[in-house]
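# Coordinate inspection notes
The lines below spell out each chain.
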Amino acid sequence: MIIVTMTSWVKRIENVKSVVESIMNNTVKPDRVYLNLSKTEFDSERVELPKDLVDYFNSDERLVINWVEGEN
């Protein structure tokens, strides 16, 4: 089983979709990709996730946004 885990933050969130797409397009595909994001940092009242990123993660059950407590 191949599991990829990555963490991002507000200043780099716009790059995450292209990074994950690249990972998913490799010859050897991961069974799961976890994107770890801080609940505090991505509070929907302050910063929303890009819609294309959310849609992409919703399109494949192997892609998981993992919300974690505390600061990034």
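Along each chain, the written sequence defines residue order, and numbers are assigned to residues from 1. Totals for whole chains, interfaces and linings use every residue, but because this is a predicted model, local features are given only for residues with pLDDT of at least 70 and side-chain atom pairs only at 80 or more, for both listing and counting. Each side-chain value is derived from all of the structure's non-hydrogen atoms; neither hydrogens nor water enter the calculation.

## Focus: the environment of Ser-22
Relative to the helices and strands, Ser-22 is located in helix α1 (residues 13-24). For Ser-22, a relative accessible area of 44% translates into the label partly exposed. Strands here mean DSSP runs of E at least two residues long; helices mean DSSP runs of H or I at least four residues long; both are numbered from the N terminus. For every residue, the accessible area obtained with a 1.4 Å probe (protein chains only) is divided by the maximum for its type, and the residue is called buried under 20%, exposed over 50%, and partly exposed between those limits.

## Quick word on the sheet that holds strand β2 (residues 32-38)
Two orientations exist for strands paired in a sheet by backbone hydrogen bonds: parallel and antiparallel. Think of it this way: DSSP has to see at least two bridges between two strands before they count as a pair. What the three strands build is an open sheet, ordered β1-β2-β3; its pairing is parallel. The outermost strands of the open sheet, each flanked by one partner alone, are β1 (3-7) and β3 (63-68). Adjacent strand axes in the sheet meet at a mean angle of 25°, parallel and antiparallel pairs treated alike. Note that β1 and β2 share five bridges and pair parallel. Within β2, the residue paired with Val-4 across the bridge is Val-33. In this analysis, two residues are considered to be in contact whenever any of their non-hydrogen atoms come within 4.5 Å of each other. For helices, the fitted axis covers only the stretch in contact; all axes are lines through C-alpha atoms, and the angles between them, taken along N-to-C directions, range from 0 to 180 degrees. On the sheet, α1 packs against β1, β2 and β3 and is oriented at approximately 165° with respect to β2. Across the face of the sheet, helix α2 (residues 51-58) comes into contact with β2 and β3 while running at roughly 120° to β3.

## What to know about the environment of Val-20
Its place among the elements puts Val-20 in helix α1. Residue classification places Val-20 among the buried positions, given a relative accessible area of 0%. Val-20 sits 39 residues away from Ser-59 along the chain, and the two C-alpha atoms are 13 Å apart. Discounting chain neighbours no more than four positions away, the residues touching Val-20 are Met-6, Val-33, Tyr-56, Phe-57 and Leu-63.

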